[in-house]
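A closer look at the structure
These are the residues of each chain, in order.
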Amino acid sequence: MATTDKTQLVNRARSIQGHMGAIVRMLEEDAYCVDIIKQTQAIQKAIDKMNALLLEKHMNECVTMAIRSNKPEVRERVINELVEVFETANKL
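Right, let's walk through the structure included here. (Residues numbered from 1 in each chain as written. Predicted model: local features only at pLDDT ≥ 70, side-chain atom pairs only at ≥ 80, totals over all residues. Heavy atoms only, no water.)

**Quick word on unusual backbone geometry**
Applicable threshold: Helix numbers and strand numbers start at the N terminus; a helix is a DSSP run of H or I with at least 4 residues, a strand a run of E with at least 2.
Unusually for a residue other than glycine, aspartate 30 sits at a positive phi of about 55°. The residue aspartate 30 is located in the loop between helix 1 (3-28) and helix 2 (33-68) in this model.

Set out below in structure tokens:
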């Protein structure tokens, strides 16, 4: 993974982690429920953005390499991985 991509993803993950800490504090301090919901929604959006960046990177690098491979099992593996990820997401 390129250093800039990795740095961007690590920074996003740390930001999400910080927001989670804030939610824990808000719950401990009996903060207003709507304020907590706004925080959880922000985290969901941040995770969605992080997943989109990871998927884009995966498609541009790993999947592209696999599709160009002359090994059918490699192509099938990456395609099955992507299908499985989306099937799992739809079950949640």
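Now that the structure has been shown, we can carry on.
**Some details on a nonpolar patch on the surface**
As a reminder of what qualifies: A patch consists of residues exposed above 30% relative accessible area that lack any salt bridge, with like charges linked at up to 9 Å and nonpolar side chains (Val, Leu, Ile, Met, Phe, Trp, Tyr) linked at up to 5 Å. To be clear on the numbers: accessible area is Shrake-Rupley with a 1.4 Å probe, and residue cover counts the displayed protein chains and nothing else. Salt bridge criterion: a side-chain nitrogen from Lys or Arg within 4 Å of a carboxyl oxygen from Asp or Glu.
A surface patch of nonpolar side chains, amounting to about 340 Å² of accessible area, comprises Leu55, Met59, Val85 and Phe86. Counting residues per element, the ones that place at least two in the nonpolar patch are helix 2 and helix 3 (72-91).

**A look at the nonpolar core**
Counted only if it meets this: The term nonpolar core refers to a set of buried residues drawn from Ala, Val, Leu, Ile, Met, Phe, Trp, Tyr and Cys, joined through side-chain atoms within 4.5 Å. In this scheme, a residue with accessible area under 20% of its type's maximum is buried, one over 50% is exposed, and one in between is partly exposed, where area comes from a 1.4 Å probe on protein chains only. The contact definition used throughout considers only heavy atoms, calling two residues in contact when any of these lie within 4.5 Å.
Grouped together as the largest cluster of nonpolar side chains are eight residues: Leu9, Ile16, Ile23, Met26, Ile36, Ile43, Met50 and Leu53. Elements represented by at least two residues in this core include exactly helix 1 and helix 2. Look past the residues within four positions of isoleucine 23 in its chain and what remains in contact with it is Ile36, Gln39, Thr40 and Ile43.

**As for the side chain of serine 69**
Note that serine 69 resides in the loop between helix 2 and helix 3. With residues near it in sequence (within four places) discarded, serine 69 still touches Val74 and Arg75.

**Remarks on the environment of glutamine 8**
One can find glutamine 8 in helix 1. Under the relative-accessibility criterion, glutamine 8 is labelled partly exposed at 37%. Sequence spacing of glutamine 8 and leucine 53 is 45 residues, and the spatial spacing of their C-alpha atoms is 9.4 Å.

**What about the pattern of salt bridges?**
Within this structure, the stated rule accounts for three salt bridges. The residue glutamate 61 makes a salt bridge to lysine 57 at a minimum N-O spacing of 2.4 Å. Residue glutamate 61 and its partner lysine 57 are located together in helix 2, separated by four residues, close to a single helical turn. What makes lysine 57 buried here is its relative accessible area of 11%. For the salt bridge of glutamate 81 with arginine 77, the shortest nitrogen-to-oxygen distance reads 3.1 Å. Of the two residues, glutamate 81 and arginine 77 are both situated in helix 3; the distance of four residues between them amounts to about one turn of the helix. On the basis of relative accessible area, arginine 77 is assigned to the partly exposed category, the value being 45%.

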